[in-house]
Amino acid sequence: MSALWSVGAGLLLLLLWVRHRGLEAVLVHHRWVFVCLFLLPLSILFDIYYQLRAWAVWRLHSAPRQHAQRVRHIQAQVREWKKEGSKRYMCTGRPGWLTVSLRVGKYKKIHKNIMINLMDVLEVDSERQVVRVEPLVSMGQLTAHLNPMGWTIPVVPELDDLTVGGLIMGTGIESSSHIYGLFQHTCVAYELVLADGSLVRCSPTENSDLFYAVPWSCGTLGFLVAAEIKMIPAKKYVKIHYEPVRGLQKICEKFTEESKKKENSFVEGLLYSLDEAVIMTGVLTDEAEQSKINRIGNYYKPWFFKHVEKYLKADRTGIEYIPSRHYYHRHTRSIFWELQDIIPFGNNPIFRYLFGWMVPPKISLLKLTQGEAIRKLYEQHHVVQDMLVPMKSLEKSIQTFHVDLNVYPLWLCPFILPNNPGMVHPKGDEAELYVDIGAYGEPKRKQFEARASMRQMEKFVRSVHGFQMLYADCYMTREEFWDMFDGSLYHKLREEMNCKDAFPEVYDKICKAARH
């Protein structure tokens, strides 16, 4: 009884404090209070629901039987839209707050919403080494499904909640991308419902133009209803080698050298300042030295980027064996390093041991509850951007990031970019090594102004024939956007497939200049 009185008194004091400070002030300046008390428990309930649902679907084998019926329902909705006179653009009916992108999709309110409830793993074909999935299958769900069978996918982008559809229609990358390319390059076929309601399968040998045009199109060519993704044999551990490097030139040389080595299963860099970094290389293995196993994904473990920083501070190299699934989702618990701005004490050992099992809060719930004040604050004083630039421009790119943003850590992830048709390909005729530079956090540059600074960054990225990931805020004009991306195949197909009245152009869907 006394415990209940204590809880009640605590809640009463909290409410009085909130009333005194004002709800908006608390949500903006003490957001951790709301996140810890409400969003973390809600996130746990979300996870439990989806895990139970995935388990039930797998046990009952209902997904393959219901998939065709669900696709027919999507086709019926599209045909109904046509009967109504095709007066509005179409888009998926999935609420904007459920997506991992921080952008608020206002178009959902004015477009015709097509409900797409497709979130199941459909088939694991061990002979072909291909897994067929629906678009709302998440990375956490897929690896949990495949790993016990001895399989994984070649590119497992960070964060559990990233979906197959988002990674295809946008893009995805991981530290294995220097071998396999972006997420789209590991896909062997897509199935889409087009603007006329027809169902089409495309691959490199079947409707190949559509196959190469779908990635980066952000759902403006049709509705993705299934995808086939390559599988590779899974191994128990990733043997990680940590190496601190100092001096920008040496960092770039070392990172480039390791990225070119195909014997490295994984290559990643964390840049903690302009001239301090830790370069990590990894190989898949089934054997491990027991004393060097680090189950970094356990809730009470230090956040990964903080763990890596210890090697820099101690100025020593190191080797660890991380269980494969823990490695694939190593940045999930801290949302890279974004969670330190939301829960400043989140990496404290006491918090980790008591409440770490509830972390991280769902990004979708953070978006749903952020409010206009926080959204504007983040837009003006916070950066979440991934710029893909040629490896040969790495040093110049890091210097530009430092001058225009001054955000650390920076995430460095190499990838091979093949010369395939579509919106994103190298300037020359051959595949080229690129690097993703990820900046997430509060810029320390004096007089930082979001629009001006980002336009300066976008101009630089265009000048080196780089690309901006489209999940983030984009400030380019239409001409600048199509200077960065190759729209020739995309526009040709939009004309041929009568998409112009059915879906907005990708620029109008994602760029601020078009949306405001």
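Residues numbered from 1 in each chain as written. Predicted model: local features only at pLDDT ≥ 70, side-chain atom pairs only at ≥ 80, totals over all residues. Heavy atoms only, no water.

Going by the annotation in an unreviewed UniProt entry, the name recorded for the protein is Delta(24)-sterol reductase, with Scytalopus superciliaris given as the source organism. Quoted verbatim from the Pathway (unreviewed entry) heading of the UniProt record, the comment on the protein is "Steroid biosynthesis; cholesterol biosynthesis." Per UniProt, the comment on the protein under Cofactor (unreviewed entry) is "FAD". (UniProt positions renumbered as here; feature names shortened; annotations may be inferred.)

Draft legend 1. Representation of the UniProt feature "transmembrane region" (unreviewed entry) in the protein in the model. The residues that UniProt annotates with the feature "transmembrane region" (unreviewed entry) are residues 32-50. As annotated, residues 32-50 comprises 100% helix and 0% strand, and the C-alpha atoms at either end are separated by 25 Å. (Helix = DSSP H or I, 4+ residues; strand = E, 2+ residues; numbered from the N terminus.)

Draft legend 2. Just the nonpolar core, in detail. Y190, L210, F481 and F485 are the most contacted members of the largest nonpolar core, which has 144 residues in total. Setting aside its immediate chain neighbours within four residues, Y190 contacts I168, Q184, V200, R201, C202, F211, V214, P215, L224, A226 and A227. (Core = buried A, V, L, I, M, F, W, Y, C linked by side-chain atoms within 4.5 Å. Buried < 20%, exposed > 50% of the residue type's maximum accessible area, 1.4 Å probe, protein only. Contact = heavy atoms within 4.5 Å.)

Draft legend 3. View of the packing of helix α9 (residues 248-259) against helix α16 (residues 394-404). In the contact formed by α9 and α16, the axes pass within 9 Å of each other and the chain directions differ by 130°. In terms of orientation, α9 and α16 fall into the oblique class. For the pair α9 and α16, the crossing hand works out as right-handed. The residues of α16 that touch α9, namely those facing L248, Q249, C252 and F255, are L394, E395, I398 and Q399. Of the residues that constitute the contact of α9 with α16, the class distribution is five nonpolar, two polar and one charged. (Axes fitted to C-alpha atoms, helices over the stretch in contact; angles between N-to-C directions. Parallel < 35°, antiparallel > 145°, perpendicular 65-115°, else oblique. Left-handed = near helix turned anticlockwise from the far one by under 90°. Nonpolar A, V, L, I, M, F, W, Y, C, P; charged D, E, K, R; others polar.)

Draft legend 4. Geometry of the sheet that holds strand β14 (residues 383-390). Sheet architecture is open: eight strands sit in the order β13-β10-β12-β11-β15-β16-β14-β17, paired in antiparallel fashion. Where the open sheet ends on each side, the last strands, each with one partner, are β13 (318-323) and β17 (467-468). Looking at chain direction, strand β10 (residues 237-246) and strand β12 (residues 276-285) are connected through 10 bridges and run antiparallel. By the bridge assignment, I240 is partnered in β12 with G282. Contacts between α16 and the sheet are confined to β11 (266-273), β14, β15 (410-417) and β16 (432-441), with β16 contributing the most and set at about 15° to the helix. (Pairing = 2+ DSSP bridges.)

Draft legend 5. Focus on unusual backbone geometry. Residue P360 follows V359 across a cis peptide bond; omega there is 5°. Relative to the elements of secondary structure, P360 occurs in the loop between α13 (349-355) and α14 (363-368). Cis peptide bonds are those with omega within 30 degrees of zero, and the linkage from Y408 to P409 qualifies with 0°. For P409, the position within the fold is in the loop between α16 and β15. Even without being a glycine, W216 presents a positive backbone phi close to 75°. One can find W216 in the loop between α8 (208-213) and β8 (223-230). We note that N498 has phi near 55°; this positive angle belongs to a residue other than glycine. Under the relative-accessibility criterion, N498 is labelled exposed at 60%.

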